[in-house]
Amino acid sequence: MNILITGANRGLGLALCKIFLGSGHRVFALYRSKGETLEKLENEQADHNKANLVPIQCDVTDEAQLRAAHDHIQAMSPALDILINNAAVHLEQNKPDIDELDFSVYLPTFEVNAVAPLMAAVSFLPLLRAGTEKCIINISSEAGSIGSCWRDREYAYCMSKAALNMGMRIFQNRLKDEQFRIRLIHPGWVRTDMGGSNAELSPEESAQAVFNQIMLTIQSPATAEKPLYIDWEGKPLAW
Ligand SMILES: NC(=O)c1ccc[n+]([C@@H]2O[C@H](COP(=O)([O-])OP(=O)(O)OC[C@H]3O[C@@H](n4cnc5c(N)ncnc54)[C@H](OP(=O)(O)O)[C@@H]3O)[C@@H](O)[C@H]2O)c1
């Protein structure tokens with residue numbers, strides 16, 4: 001299969017790249033800044049004469065760069081099977097309380113976490129329509145659940161993930177007659193730059209669980225009524 005992963009240079013995105021490559025799939029790895037880790041993976045692949053990793057520079061908030069990435073992929077392949085919208089930011093890492101909120105980070109957070117995944121889905125739609133799986137996976141978060149919200153801070157991140165969920169719900173309504181499979185997956189609390197060192201899951205454990213959910217998604221008929229918003233173990237989440 002042909003898989004596209006955004007934010008593929010570190011954290012969960014990089015771990016997902018490794019799993020898909022290890023399973024013999026071709027990965028178009030979109031990155032904003034390549035970094036040593038993705039370069040190392042590229043060198044390892046080259047050492048083993050494997051051409052399955054295709055790194056492409058792309059800031060997902062830039063529509064022209066998404067279009068250029070589309071054209072780059074189209075020149076190599078007529079179709080994409082799975083788009084994984086993984087790139088995201090959490091710009092309130094120090095979790096400020098209401099008297100210390102910095103509203104300058106809100107729109108940039110929305111741009112990356114909520115608008116860019118929809119923009120990517122639209123940009124790559126011609127290639128996805130030509131694919132066999134027609135699958136769009138969005139790495140969301142339980143933080144986007146309004147129904148089970150417990151936090152009293154982290155507004156920007158939580159609001160942006162709730163907006164991502166709504167955008168993809170509407171997108172699914174629009175595409176369901178075309179047999180598209182769309183999911184919003186909470187990957188667990190993961191030891192990445194975003195999740196921090198105290199998190200429960202390693203990037204590899206989370207990526208393996210997310211990979212399993214993706215495989216279950218593409219194995220089930222596109223017409224079957226399935227929960228759209230789930231966690232890494234497949235449990236449905238409250239919207
Ligand atoms: N870690 C957790 O505990 C946790 C929990 C729930 C959900 N999630 C979700 O899981 C996904 C992966 O998170 P992570 O923990 O792996 O985060 P991370 O380690 O902070 O990595 C974030 C990735 O997103 C990329 N990115 C950010 N802005 C971008 C842009 N404008 N264009 C292109 N790429 C951009 C980063 O690229 P640069 O290196 O260039 O910055 C990086 O590759 C996210 O959607 C996150 O919200 C994570």
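To start, this report covers the structure provided alongside it. These numbers come from a predicted model, not from an experiment.

It is worth spelling out the overall build of the protein at this point. Check the secondary structure of the protein and you find seven helices and seven strands. Helices and strands appear in the protein in the N-to-C order β-α-β-α-β-α-β-α-α-β-α-β-α-β. Against the globule reference of 18 Å for 239 residues, the protein gives a C-alpha radius of gyration of 17 Å, in line with a compact fold. Structurally, the protein occupies a C-alpha span of about 55 × 40 × 35 Å along its principal axes. When the 239 residues of the protein are sorted by exposure, 52% land in the buried category. With the model as given, the accessible surface of the protein reaches about 11500 Å², and the carbon-plus-sulfur share is 52%. If the 22 positive side-chain charges of the protein are averaged to one point and the 29 negative ones to another, these points end up 7 Å apart.

Let's shift gears to the packing of helix H4 (residues 106-123) against helix H6 (residues 155-175). Contact pair H4 / H6: the axes reach a minimum separation of 8 Å and the direction vectors enclose 20°. The angle between the axes of H4 and H6 places the two elements in the roughly parallel class. Here H4 and H6 pass one another in a crossing that is right-handed. Residues Tyr106, Thr109, Phe110, Asn113, Ala114, Pro117, Leu118, Ala121 and Val122 of H4 lie in contact with H6, whose contacting residues are Tyr155, Ala156, Tyr157, Met159, Ser160, Lys161, Ala163, Leu164, Gly167, Met168 and Phe171.

As a further point, take helix H2 (residues 35-47). Structural remark: α-helix, 3.6 residues per turn; residues separated by three or four positions point the same way. Between its first and last C-alpha atoms H2 spans 19 Å; for 13 residues at 1.5 Å apiece the expected length is 18 Å, and the two agree. Listed in full, the buried residues belonging to H2 are Leu38, Leu41 and Gln45. Seen end-on, H2 carries its buried residues on one side only, within an arc spanning 55°. Away from the buried face of H2 by more than 90 degrees, exposed residues Glu36, Lys40 and Asp47 are located. Where the residues of H2 are buried, they touch helix H1 (11-22), strand E2 (26-31) and strand E3 (53-57).

As for its position among the elements, Glu233 is in the segment after strand E7 (229-231). Residue classification places Glu233 among the partly exposed positions, given a relative accessible area of 48%. On a C-alpha basis, the gap between Glu233 and Gln172 in space is 22 Å, while along the polypeptide they are 61 residues apart. A distance of 2.8 Å separates polar atoms of two side chains, one belonging to Glu233 and the other to Lys235.

Let us look at the side chain of Asn86. Here Asn86 is to be found in the loop between strand E4 (82-85) and H4. Of the polar contacts made by the side chain of Asn86, one reaches the backbone oxygen of Gly7; its length is 3.2 Å. For Asn86, the contacting residues outside a window of four places in its chain are Ile5, Thr6, Gly7, Leu12, Gly13 and Ile139.

It is at 8 Å that the axes of H1 and helix H7 (residues 203-219) come closest, and there the two elements cross at 60°. Classed by the angle they form, the pair H1 and H7 counts as oblique. H1 and H7 meet at a crossing whose hand is right-handed. Side by side, H1 and H7 meet where Gly11, Leu12, Ala15, Leu16, Ile19 and Phe20 of the first sit next to Pro203, Glu204, Ser206, Ala207, Gln208, Val210, Phe211, Ile214 and Met215 of the second. Residues of the contact of H1 with H7, tallied by class, amount to 11 nonpolar, three polar and one charged.

Nonpolar side chains collect at one region of the surface, where Ile98, Tyr155 and Met159 lie side by side and expose about 290 Å² of accessible area between them. Tracing the sequence through the fold places Tyr155 in helix H6.

This part takes up the packing of aromatic side chains. What the rule picks out here adds up to three aromatic pairs. Ring centres 4.9 Å apart and planes at 70° place the aromatic pair Phe20 and Phe211 in the edge-to-face group. Taken as a pair, Phe20 in helix H1 and Phe211 in helix H7 lie far apart in primary sequence, 191 residues in all. Summarising the burial analysis for this pair, Phe20 and Phe211 share the class buried. The interplanar angle of 50° and the centroid separation of 5.0 Å between the aromatic rings of Phe103 and Tyr106 together place this pair among those described as tilted. With a relative accessible area of 9%, Tyr106 lands in the buried category.

Thresholds, definitions, all that
- Residues numbered from 1 in each chain as written.
- Predicted model: local features only at pLDDT ≥ 70, side-chain atom pairs only at ≥ 80, totals over all residues.
- Heavy atoms only, no water.
- Helix = DSSP H or I, 4+ residues; strand = E, 2+ residues; numbered from the N terminus.
- Rg over C-alpha atoms; globule rule 2.2 N^0.38 Å.
- Buried < 20%, exposed > 50% of the residue type's maximum accessible area, 1.4 Å probe, protein only.
- Areas by Shrake-Rupley, 256 points an atom, 1.4 Å probe, with all protein chains shown as cover.
- Lys, Arg positive; Asp, Glu negative; His and termini not counted.
- Charge placed at Lys NZ, Arg CZ, Asp CG, Glu CD.
- Axes fitted to C-alpha atoms, helices over the stretch in contact; angles between N-to-C directions.
- Parallel < 35°, antiparallel > 145°, perpendicular 65-115°, else oblique.
- Left-handed = near helix turned anticlockwise from the far one by under 90°.
- Contact = heavy atoms within 4.5 Å.
- Expected span 1.5 Å × (residues − 1).
- Arc of directions from axis to C-beta.
- Polar contact = N/O pair within 3.5 Å; in protein donor to acceptor, adjacent residues only side chain to side chain.
- Nonpolar A, V, L, I, M, F, W, Y, C, P; charged D, E, K, R; others polar.
- Patch = residues over 30% accessible without salt bridge, like charges linked within 9 Å, V, L, I, M, F, W, Y side chains within 5 Å.
- Salt bridge = Lys/Arg side-chain N within 4 Å of Asp/Glu carboxyl O.
- Phe/Tyr/Trp six-rings, centres within 6.5 Å; stacked < 30°, edge-to-face > 60°.

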